[in-house]
Amino acid sequence: MLAVPEMGLQGLYIGSSPECSPVPSPPGSPRIQKPEARVPQQASFSVVVAIDFGTTSSGYAFSFASDPESIHMMRKWEGGDPGVAHQKTPTCLLLTPEGTFHSFGYTARDYYHDLDPEEARDWLYFEKFKMKIHSATDLTLKTQLEAVNGKKMPALEVFAHALRFFKEHALQELREQCPSLPEKDTVRWVLTVPAIWKQPAKQFMREATYLAGLVSRENAEQLLIALEPEAASVYCRKLRLHQLMDLSSRAPSGGRLGERRSIDSSFRQAREQLRRSRHSRTFLVESGVGELWAEMQAGDRYMVADCGGGTVDLTVHQLEQPHGTLKELYKASGGPYGAVGVDLAFEQLLCRIFGEDFIATFKKQRPAAWVDLTIAFEARKRTAGPHRAGPLNISLPFSFIDFYRKQRGHNVETALRRSSVNFVKWSSQGMLRMSCEAMNELFQPTVSGIIQHIEALLARPEVQGVKLLFLVGGFAESPVLQHAVQVALGARGLRVVVPHDVSLTILKGAVLFGQAPGVVRVRRSPLTYGVGVLNRFVEGRHPPDKLLVRDGRRWCTDVFERFVAAEQSVALGEEVRRSYCPARPGQRRVLINLYCCAAEDALFITDPGVRKCGALSLELEAAEGGPDSAGTAPGRREIRAAMQFGDTEIKVTAVDVSTNRSVRAAIDFLSN
């Protein structure tokens, strides 16, 4: 089959041009070159620093290559309630009115809280801004973010400010712990992102790390992108039974959600079976997996539900022997069902009581007071539980009460009496008094979305046999969510397990992933990727409207040549190889459009659902004046590109076959 890229008639041939060795397009699933056996390389870094950049809270942790499983959490942050130390800090960024960095985390939140209301209007305060990257349909390097006061600035700069803050704090702590540690090129950075994020969002975060100075483009391999549920899965492999609580062991009624029981008894039967197969257990224990995983057999399947502030992220893994590696069974799935959904439900409740126009005006004119109100709600939200009997009081800032009276001419108590919301009252202490049923009702849309996603994934034939569900992420701390998931899924025989340090699971797992990124051996491609090519037109098989006649040859245009299909299993290191030949002498750059779609069987790049998603660029060095050693004419040399789809990011390398030199190759998903 002759395949020519869509732009090929103007300046590029693929694979089967006369000067190039043909690389035929496969008729079925894309052919992937199996990786060659490689000798493991010695680690070139001294320490791994992972940054868990969350929607509501963020933090970092690190471990040294000399002791990779000893994970050091960042210094505890002072803030929030007086005298309380936290191992994460709110994802809040404060910039001066001139747009320069002022503070991050609790410091930013508290300083903004103390600003005079009029002065606060000029400061740029950003919170929960990570979700904007997930929801942006046309994400580019010029995408803007809106601060609480309505002012905008480039999203890339906002993220870079936050990442630079963590970089400086982490390096300072490393210097104090290990003064002899050289700073340059000794740190491997790991940045967590949701698994459901598409390639543009992952590239955006990488670009932000470049701008923040964590790594340089020349040393891009110093940064690893870790998928959040994968990181949690890697960490859960290390846990022992006493580090987990089994929700299915709780009393179905009457028991409090705070009660915990060891899940030792839950696996007694498995232990008995494994006494007959000690050999398999020995393999797993020697590979460093935890006590729970030593009770599992090769091939056992489990699900990880990462319930964070902004999204729920689901992945299903199969445990492999003899090294305890992981195989993804279905592409990452999930949606925008994070804890912020409960916050939005509370905001909608306030709009019903006080009026949508008033809430919008208050947020714009009293941004700091609005932040105070959301903080007060967050504190009460954390105390909500399915068995709580008493109501919850939510403090309204004086600024809210005063602003409402001036705007409406009556007080908030009158507004509550006049509203149709009868489950929220005004307390004598000057607070909103909400029934526990009303609070739990705010959780329902988000919790229902999470459960529906889990149930839909469990129904997939690829994941049959899953018996274990790990709930992880900050939102997984919620007793309301824990109870709802156990009630909905426990009856199906699914054991629901929560790590004790559930909010730190992803962060600790990201450190372990940085030390051994090959632990997830096989992933599933979330989309079908390929290029548009010209093939020889075949009468009766190709649509007449795709016929192109050029120089007496009949071509079929817009043919979608797949590199990898959606839901196809791709092992780490497997490559899709294609050869390209510049058509013009002296051509210095080759640019090839990439297309993607959710379907596996798209035939043309004009099919519904197929869209241009990026571009593969090859930067060529100047060709020699005469024929090279391979006999290739000047400017007509073969460039062999190898793409990898089995990693957390799509990667590409290229080689000039005539000189055996590397060619600068990159895939850009942000310049559409």
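Whatever comes next refers back to the structure up there.
Residues numbered from 1 in each chain as written. Predicted model: local features only at pLDDT ≥ 70, side-chain atom pairs only at ≥ 80, totals over all residues. Heavy atoms only, no water.

1. Notes on the pattern of salt bridges
Spelled out, the test is: By definition here, a salt bridge exists when the distance from a side-chain nitrogen of Lys or Arg to a carboxyl oxygen of Asp or Glu is within 4 Å.
Enumeration over the complete set of coordinates arrives at 32 salt bridges. Here the salt bridges share partners, and the residues they tie into one network are Lys128, Asp343, Glu378, Lys381, Arg382 and Glu477.

2. Some remarks on the pairing of strand β31 (residues 589–597)
Going by this rule: At least two DSSP bridges between two strands are required for those strands to pair. Here a helix means four or more residues in a row that DSSP labels H or I, a strand means two or more in a row labelled E, and each is numbered from the N terminus.
Pairing of strand β26 (residues 528–536) with β31 involves four bridges; the strand directions are antiparallel. When the sheet's bridge partners are listed, Val531 is paired in β31 with Leu594. Pairing of β31 with strand β32 (residues 611–619), which is carried by eight bridges, proceeds in the antiparallel orientation. Of the residues in β32, the one forming a bridge with Leu591 is Ser617.

3. Overview of the sheet that holds strand β22 (residues 431–434)
The cut-off we apply is this: The angle between two axes is taken between their N-to-C directions and runs from 0 to 180 degrees, where each axis is a line fitted to C-alpha atoms and a helix contributes only its stretch in contact.
Read across the sheet, three strands follow the order β20-β22-β21 without closing on themselves; strand pairing throughout is antiparallel. Strands at the two margins of the open sheet, each flanked by one partner only, are β20 (392–395) and β21 (424–426). Strand-to-strand twist in this sheet, taken as the mean axis angle between neighbours without regard to direction, amounts to 30 degrees. Pairing analysis gives four bridges linking β20 to β22, with the strands arranged antiparallel. Within the sheet, the bridge partner assigned to Ile394 lies in β22 and is Leu432.

4. A closer look at the environment of Tyr106
Put simply, the rule reads: Exposure classes here rest on a 1.4 Å probe applied to the protein chains alone. A residue is buried below 20% of its type maximum, exposed above 50%, and partly exposed in between.
Position of Tyr106 among the secondary structure elements: in helix α2 (residues 106–114). For Tyr106, a relative accessible area of 9% gives the class buried. Once the C-alpha coordinates of Tyr106 and Leu93 are considered, the two residues, 13 residues apart in sequence, prove to be 9.3 Å apart.

5. Concerning the sheet that holds strand β29 (residues 569–571)
Sheet strands line up and pair through hydrogen bonds in the backbone, either parallel or antiparallel. On the basis of which strands lie adjacent, the open sheet formed by eight strands has the order β16-β24-β23-β17-β18-β19-β25-β29 and mixed pairing. In this open sheet, the two edge strands, each paired with only one partner strand, are β16 (244–246) and β29. The average angle at which neighbouring strand axes cross in this sheet is 25 degrees, direction not considered. Note: β16 against strand β24 (residues 495–499), three bridges, orientation antiparallel. Counted as the bridge partner of Leu244 is Pro499 from β24.

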